[in-house]
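Residue strings, one per chain:
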Amino acid sequence: MRIATSQYQAMMTQSLAVNQERVGYISQQMANGNRIQTPSDDPVDSVRLSRLNREEASVKQYRNNIAAIQIRLSKNEGSLQNMVNDMHSGRDLLVWASDGSNTPSDLNAMVVSLTSLRDSLLYSANAIDQEGRHIFSGTATDTAPIAYNATAPVGSRYTYAGNTNDQLVVVGNGITQVANQNVKGMEQLLNQLDQTINTLSASGVNANNPAVRTVLKAGLDGFDQAMDLVTGKIAVLGGQQNILKTLDANHENVSLSNQKAISDIGQLDYGAAAIELSGYQTALQASYKAYSKIGNLSLFAAL
Amino acid sequence: MSILNNALSGALASQLALSASSQNIANLQTKGYTRQSALLSAVAPAAGSFQAGNGVQVTDLMRFSDSYKTQQLWRSASDLGAHSQTQPYLTQLEQVMGDDSASLSSGIDGFFSALNAVAGVDPTSTPLRQQVVTAANLLGQRFNSLNNVFNAQLQSVRQQRSALIDSANSTIGSIASLNAQIANANASGTNSSSLVDARDQAIDSLASQMGLEVSDQPDGTRNVSLKTGQSLVLGGVAGKLSASGGAAQTFSLTFAGTSFDLDTTKAGGQLGGLSAYEQDTLLPLQQGVADMAQQIAAKVNTQLAAGYAMDGSTPGKPLFTYNPGSTSNMLQVASGFQTSDLAFSGDGTPGDTGNLQKLVDIKSQSITVTKIGTMLISDADTQLVGRLAVDSQQNKSALATTQTMRDQAQADWQSTSGVNQDEEAVHLVEYQNMYQANMKVMSVANALFDATLQMMG
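None of the values given here were measured: they were computed from a predicted structure.

Please explain the nonpolar core as it appears in this structure.
Grouped burial of nonpolar side chains is what soluble globular proteins tend to show. By size, the foremost hydrophobic cluster in this structure holds 83 residues, and its most contacted members are Phe111, Phe143, Leu232 and Leu319 of chain B. Broken down by element, this core gets its largest block of residues, 18 residues, from helix α5 (residues 126-188) of chain B. In contact with Phe143 of chain B, other than residues within four places in its own chain, are Leu104, Val289, Met292, Ala293, Ile296, Met330 and Leu331 of chain B. Val111, Leu121, Phe223 and Ala226 of chain A belong to the second largest nonpolar core, which has 46 residues in total.

Set out below in structure tokens:
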């Protein structure tokens, strides 16, 4: 085939352009470590990558939710444990009060301790978080769970004003977990305690009086029931924490395999890229050499 | 005396041949220059005379051109033009839509993450509710900025087409006037080679703008028409293209007082490529994104209306406002929307998450997107980008193929019409030798003449 002089030039510029474009592209790949620079480099894999990233985002959210719930649950557990501790002290006091050798003034003196225990229990039951929400009133978080009505007769002044609805949080695909608690039942103990305090604070109260004994017995029963109730809740919380841990571990495994897939699909194979790069560099150098040789070739130089 | 005449004709012919070579060398780097060469032929002796002949004459200054190769050149220019102009647009869109941190997908992820975070801590937590409103705002901004990119591209495609039409009209005009000059030159026997080069170059540039059919006429002119048959140039008469209409451009061609409407998506070349990109990729994609925005807004707003705001009694207000025609405010957070307006409670109690669960669930609901079909909200953007990626990949590979074909066509054309300086060097030496030889013949003739004269004297 006949070759025109300008064809050398055209061939050279084309070959330089192609090689330089490839060198530029591979350098860019190497700079950011991504095999796919724009989705059109590999449409199918870029769709797979995008879907993996979406799933990874969901899993991350589930794990964040689990972490947030775990903190809430342990805080709840702490408050409930405080209540149990208070109940232990209260129960001990009542056991002591039931001793028939106590003088009326002994019994009157116990009223101070019992009153502060009652108020402490009420405070714990009506606990609020940093934003002022009540943590033990079910989903009625704007209402204090235990309401106090001073005008009602002794023994029915405390009422439960919250509800027992569950607040559900998504912790997995189609999996929800209850994140709140309620203290329905505590109002009975508080009423009982109120009754007991009322009885024990009477002057000349006699621990051997059958009526007093009945009240003390009822108070003890109230503590037992409430302790059963609250320790039951603590046990449930412990169980929930375990379930959440297992779920979190599952999510972690899924996330790990997602990340592995993302890096398998999306990461650049540096070895292969380096070989390719040096191939194009060699081609470029060869083109430069060829041009410097061919460019000097001219019959005019010999004339 | 015929020796002297023969020598003179030889000297003149070699001069002309040398001048052709010098013209070729001078135009070594001229784009579109077609090399020329003197076509020599022996002059037969006069009838009845017993002579070797009456020397040499240059019968023609030959143009080395192959009309098949020229046609190939034009065809490849149209094919290349159809793909080359759209690739920058496709690449820009891919970069905007495919960017992991700026994509619609991550905006949607962000919005639903914010909803989920509220569910994880407490549905009445003000900072977390604020985060939902902020994420909704960000989501809206992502839709809007993407919509802005679409609109900027649409505008740019339309401006580019208007510019193409203007430039094509001036090219069409110069083809017609060159045709007229070529016809005149041919009639008067002037060498029209450089005019033909200029006209063919003009046709080549027009061919990159739109697909052409070119037919040769006996008088040396070329008629140019669109692939769809409408004439652009007939001899010395030029047609005129025009674009009209505002946002949706319409195109027409006026030739000799008659006007035709043009479907530019079938025009080929840059004009056809841009129109096809606008109709087949850009507008459907913009519609798809608008569909997403509209349906996400509708679903979220409907679900919010089914719940109760923080006060426990007001039904939820709409969070999003979808403005169908707006260029930069397609999806917005409703003005005056407050964090307490978010209706997460399903039964009115503030700690309830019934409605919030349903809001979170929207992410896995289906929406219907133009030209793609029904898909999950979380997957819609991925599929749109996937489709764009396939379009772009197709265009890239078509671009590479047509570029190769164009390079090949140019090489073919050069191989016939291009100047080779070594070849011209040989011609220079050879014709110089021929000239000197003829001079020598003259001096021989002169010597013979002198000898004859001396014999007389």
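Help me out: how do you make sense of the interface of chain A and chain B in this one?
Often, the extent of an interface is quoted as the loss of accessible area on bringing the components together. Facing the 45 residues of chain A at the interface are 57 residues of chain B. Across the interface of chain A and chain B, roughly 4,000 Å² is buried in total on both sides, 47% from carbon and sulfur atoms. Its largest share of buried area at the contact with chain B, chain A owes to Arg2, Arg54 and Phe300 of chain A, together 17% of the area lost on that side. Linking chain A with chain B are 4 salt bridges. The shortest N-O distance in the salt bridge between Lys396 of chain B and Asp41 of chain A comes to 3.3 Å. Counting every contact that joins chain A to chain B gives 29 residue pairs in polar contact (both at pLDDT 80 or more). With 13 residues, helix α2 (residues 43-97) of chain A is the largest single contributor of residues to the side of chain A that touches chain B. By residue class, the composition of the side of chain A that touches chain B is 17 nonpolar, 19 polar and 9 charged.

Would you mind going over the packing of aromatic side chains with me for this structure?
Taken as a whole and judged by the stated rule, the model has 4 aromatic pairs over all chains. Measuring from centroid to centroid gives 4.9 Å for Tyr148 of chain A and Tyr158 of chain A, while their planes differ by 45°, and the two rings are tilted. Taken together, the positions of Tyr148 of chain A in strand β1 (residues 146-148) and Tyr158 of chain A in strand β2 (residues 158-160) put the pair 10 residues apart, joining distant regions of the chain. By relative accessible area, Tyr158 of chain A is classed as buried at 4%. Put simply, the rings of Phe111, Phe112 and Phe320 of chain B touch in pairs and so form one group of aromatic residues. Positioned over the ring face of Phe64 of chain B is Arg35 of chain B, at 3.9 Å from the centre of the ring.

Conventions adopted
- Sequence order as written defines residue numbering, which begins from 1 separately in each chain.
- For this description, chains carry letters from A and ligands carry numbers from 1, given in the order in which they are written.
- Only residues with pLDDT of 70 or above have their local features reported here, since the model is predicted, and side-chain atom pairs are shown and tallied only from 80 upward, although totals for entire chains, interfaces and linings are computed over all residues.
- Water and hydrogen atoms play no part in the side-chain values, which are based on all heavy atoms of the structure.
- As used here, the term nonpolar core means buried Ala, Val, Leu, Ile, Met, Phe, Trp, Tyr and Cys residues forming a set that is joined through side-chain atoms within 4.5 Å.
- The buried label applies to any residue whose accessible area, calculated with a 1.4 Å probe on protein chains only, is under 20% of its type's maximum; exposed applies above 50%, and partly exposed to all values in between.
- The way it works is that DSSP assigns letters per residue, a run of H or I at least four long becomes a helix, a run of E at least two long becomes a strand, and they are numbered from the N terminus.
- Only heavy atoms matter for contacts: two residues are in contact if any of them lie within 4.5 Å across the pair.
- Here the buried area means the combined drop in accessible surface, using a 1.4 Å probe, for two parts upon being joined, counting both sides.
- The working definition used for a salt bridge is a side-chain nitrogen of Lys or Arg within 4 Å of a carboxyl oxygen of Asp or Glu.
- We call two N or O atoms a polar contact when they sit within 3.5 Å, provided that within protein one can donate a hydrogen and the other can accept it, with sequence-adjacent residues counted only if both atoms are side-chain atoms.
- Classes in brief: Ala, Val, Leu, Ile, Met, Phe, Trp, Tyr, Cys and Pro nonpolar; Asp, Glu, Lys and Arg charged; the others, Gly included, polar.
- Pairing of aromatic rings covers Phe, Tyr and Trp, the last counted by its six-membered ring, and requires centre-to-centre distances within 6.5 Å; plane angles under 30 degrees mean stacked, over 60 mean edge-to-face, and any other angle means tilted.
- We count a charge as sitting over a ring when the NZ of a lysine or the CZ of an arginine lies within 6 Å of the ring centre and within 35 degrees of the ring normal.

Treat this as a map of the structure, not an account of what it does.
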